[in-house]
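# Fold and geometry: a report
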Amino acid sequence: MIEINKVSKWYGDFQVLTDCSTSVAKGEVVVVCGPSGSGKSTLIKCVNGLEPFQSGSISVEGTSVGDAKTDLPKLRAKVGMVFQNFELFPHLSITENLCLAQEKVLGRSHAEAMEKGLKLLDRVGLKAQAAKFPGQLSGGQQQRVAIARALAMDPIAMLFDEPTSALDPEMVNEVLDVMVQLAKEGMTMMCVTHEMGFARKVANRVIFMDRGAIVEDAAKDDFFGQPRSERAQTFLSKILHH
Amino acid sequence: MSRFLGIDWQLIADNHEILLGGLQYSLTLTASSMAVGIVLGCLLALARLSSITPLRLFAAGYVNLFRSIPLVLVIFWFYFLLPFFGFKLGPDKSVFITFAIFEAAYYCEIIRAGIQSISKGQVGAAQALGLTYAQSMRYIILPQALRNMLPLLLTQTVVLFQDTSLVTIIGIKDFMGANVVVASNNGALKEMYTFAALAYFCVCFPLSMLLKKLHKRIAVIR
């Protein structure tokens, strides 16, 4: 469903991505990990065109992301994205956050959008917060609303960019639980995360990145059992044993 | 005769019609040029932040031009010179246009700062949901930018209200103009000009204080 082929990206002279190639099949859950500054977030933002790239190609269900003729808003509407800092719209209530894009992008009626939004809000366990504003919710609650907001668009795939990195430790699990449930329902997911417990539980594959390149791209059991590259071994030993 | 603060209040009571009419003119001119000025300012701010170079250059030129010439000159220009080019607007229309396009340059800079204060993540989130550039500006970025900048926009409007007194020099009876008329008709220059100063102060000073408080409160909420 998502095909990434030899993608490279530069900020001026600095190369942030080097020949990255991988793919995510329908229903697959792929976890992207690696040290900070390794280009994980940049790569995942290239998938829905939030970050431009200079060479290589990415296609989502056959639509080329880098093509100047591609209707990017239309493509983005089909791919859900969840950000590290939630990025709920602070001037809109929770229900307005959930309904806005459904109405303005998909052209749903307000009643239809509300019904969908409230159903998803209930699913992430936050129905009682519908009338509040983002600032009145905890980080974990905001991130769950952000997931519901993305799901309201009926996405064909979901991108997660470090969804738990900005959360207090006690709120990490409530967000991971929603993600695990989503994975079990067969959602196609690409997740940048350091949560190796999550990766062990639901990932099909794990991609390890270092200095802008994909160093390892392996089935979950192979990655955790016997990572081939030395850098992945060091990384794993550092984050798993403490 | 009722005298207080060195002003003959009977004289003011006798002329309350023309004075109130003048005040109404000043307020109407302020409100209408604010409304049009903010809309123009929004468009200019978007142009200044646009990736399209000619648009950006035009907006930068516009803002720099109007911020570098005195307002009186612009008033004269529109009132005295436009008729030579075949536009006979009359004083009311010409000052309204003058203030709207002049203030737009100032509103533009405030709104631009407001837009730039919104985090890039908000733009990304709006785009990721499939909103177009225009939609993300309209529903996500501008509402937040204008809310954050509201105190500064209103402070600029208080300045605008004071500046509207300049229309007196082309003979318009705004509040200042009305005071000038009453003063010269009754030989009461000292009194009427003191009264005008007092009136402007009583409107503008409390408003400025109020806006300062509002600005602090919005900063805290953010």
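Residues numbered from 1 in each chain as written. Chains lettered and ligands numbered in written order. Predicted model: local features only at pLDDT ≥ 70, side-chain atom pairs only at ≥ 80, totals over all residues. Heavy atoms only, no water.

Attention shifts here to the sheet that holds strand S8 (residues 189–192) of chain A. All names here are of chain A. Read from one edge of the open sheet, 6 strands run S6-S7-S8-S3-S9-S10, paired in mixed fashion. The strands lining the two open edges of the sheet, one partner per strand, are strand S6 (79–82) and strand S10 (213–219). Going across the sheet, the axis of each strand differs from the next one's by a mean of 15°, ignoring polarity. Sheet analysis places strand S3 (residues 29–33) next to S8, joined by 4 bridges and oriented parallel. Across the sheet, residue valine 31 finds its bridge partner in S8, namely cysteine 191. Contacts from helix H5 (residues 139–151) reach S6 and strand S7 (157–161) within the one sheet, and its direction differs from that of S6 by about 170°. (Pairing = 2+ DSSP bridges. Helix = DSSP H or I, 4+ residues; strand = E, 2+ residues; numbered from the N terminus. Axes fitted to C-alpha atoms, helices over the stretch in contact; angles between N-to-C directions. Contact = heavy atoms within 4.5 Å.)

Within the structure shown, the criterion is met by 15 aromatic pairs over all chains. With a centroid separation of 6.2 Å and an interplanar angle of 50°, the aromatic rings of phenylalanine 58 of chain B and tyrosine 62 of chain B are classed as tilted. Linking phenylalanine 58 of chain B with tyrosine 62 of chain B, this pair stays in helix H3 (residues 53–68), spanning 4 residues, or about one helical turn. Residue classification places tyrosine 62 of chain B among the buried positions, given a relative accessible area of 15%. Between tryptophan 77 of chain B and phenylalanine 85 of chain B, the aromatic rings sit 6.1 Å apart at their centres with planes inclined by 15°, giving stacked as the arrangement. According to the relative accessible area criterion, tryptophan 77 of chain B is partly exposed, its value standing at 40%. When the ring centre of phenylalanine 89 of chain A is taken as reference, the NZ or CZ atom of arginine 149 of chain A above it lies at 4.4 Å. (Phe/Tyr/Trp six-rings, centres within 6.5 Å; stacked < 30°, edge-to-face > 60°. Buried < 20%, exposed > 50% of the residue type's maximum accessible area, 1.4 Å probe, protein only. Lys NZ or Arg CZ within 6 Å of the ring centre and 35° of its normal.)

Now for the pattern of salt bridges. Residue and element names in this part refer to chain A. Under the counting rule described, the total for this entry stands at 12 salt bridges over all chains. Arginine 205 serves as the salt-bridge partner of glutamate 28, at 2.9 Å between the closest nitrogen and oxygen. Highlighted residues: glutamate 28 in the loop between strand S2 (14–24) and S3 and arginine 205 in strand S9 (residues 205–210), separated in sequence by 177 residues. When sorted by exposure, glutamate 28 lands in the same class as arginine 205, which is buried. With a shortest N-O distance of 3.7 Å, aspartate 161 and lysine 45 are connected by a salt bridge. One end of the pair, aspartate 161, is in strand S7; the other, lysine 45, is in helix H1 (residues 40–47), with 116 residues separating them in the sequence. Connected through salt bridges with shared partners, the residues Glu28, Arg205 and Asp217 form a single ionic network. (Salt bridge = Lys/Arg side-chain N within 4 Å of Asp/Glu carboxyl O.)

Here we take up the pairing of S10 of chain A. All names here are of chain A. In this sheet, S10 lies alongside S9 in antiparallel orientation, the contact comprising 6 bridges. Considered in S10, the bridge of isoleucine 207 is made with aspartate 217. Between S9 and S10, which pair antiparallel one after the other, the connecting turn spans 2 residues, and arginine 211 there sits at a positive phi close to 45°.

Residues and elements named next belong to chain B. Running from N to C, helix H2 (residues 16–48) and H3 cross one another at 130°; their axes reach a closest spacing of 7 Å. With respect to each other, H2 and H3 are oriented oblique. In the packing of H2 onto H3, the handedness of the crossing is left-handed. From H2, Leu44, Ala47 and Arg48 reach across to H3, where they touch Leu55, Arg56, Phe58, Ala59, Ala60, Tyr62 and Val63. (Parallel < 35°, antiparallel > 145°, perpendicular 65-115°, else oblique. Left-handed = near helix turned anticlockwise from the far one by under 90°.)

Within a sheet, each strand pairs with its neighbour through backbone hydrogen bonds, oriented either parallel or antiparallel. Residues and elements named next belong to chain A. Taken together, the 4 strands give an open sheet; going across it, the order is S2-S1-S4-S5, and neighbouring strands pair in antiparallel fashion. The sheet terminates laterally at S2 and strand S5 (63–64), the two strands that pair on one side only. Sitting on the sheet, H1 touches strand S1 (2–11), S2 and strand S4 (55–60), and the angle it makes with S1 is about 120°.

This part covers the nonpolar core. Among the nonpolar cores identified, the biggest contains 80 residues, and Met190 of chain A together with Ile111, Ile115 and Ile140 of chain B are the most heavily contacted of them. Not counting residues up to four positions away in its chain, the partners in contact with methionine 190 of chain A are Ile4, Val24, Val30, Val32, Leu43, Ile44, Val47, Met158, Leu159 and Phe160 of chain A. (Core = buried A, V, L, I, M, F, W, Y, C linked by side-chain atoms within 4.5 Å.)

Residues and elements named next belong to chain A. Relative to the helices and strands, serine 93 resides in the loop between S6 and helix H3 (94–104). Given a relative accessible area of 8%, serine 93 falls into the buried group. Within the local environment of serine 93, its side chain forms a polar contact with the side chain of threonine 95, the two groups lying 3.2 Å apart. Discounting chain neighbours no more than four positions away, the residues touching serine 93 are Ala131, Lys132 and Phe133. (Polar contact = N/O pair within 3.5 Å; in protein donor to acceptor, adjacent residues only side chain to side chain.)

Bringing the interface of chain B and chain A into the picture now. In this complex, chain B contributes 18 residues to the contact, which on the side of chain A involves 20 residues. Taken together, the links from chain B to chain A amount to 0 salt bridges. Applying the counting criterion to the chain B and chain A interface returns 5 residue pairs in polar contact (both at pLDDT 80 or more). Counting residues per element, the ones that place at least two in the side of chain B that touches chain A are helix H6 (120–128) and helix H7 (133–163) of chain B. The element best represented in the side of chain B that touches chain A is H6 of chain B, accounting for 7 residues. Residues that form the side of chain B that touches chain A fall into these classes: 8 nonpolar, 9 polar and 1 charged. (Nonpolar A, V, L, I, M, F, W, Y, C, P; charged D, E, K, R; others polar.)

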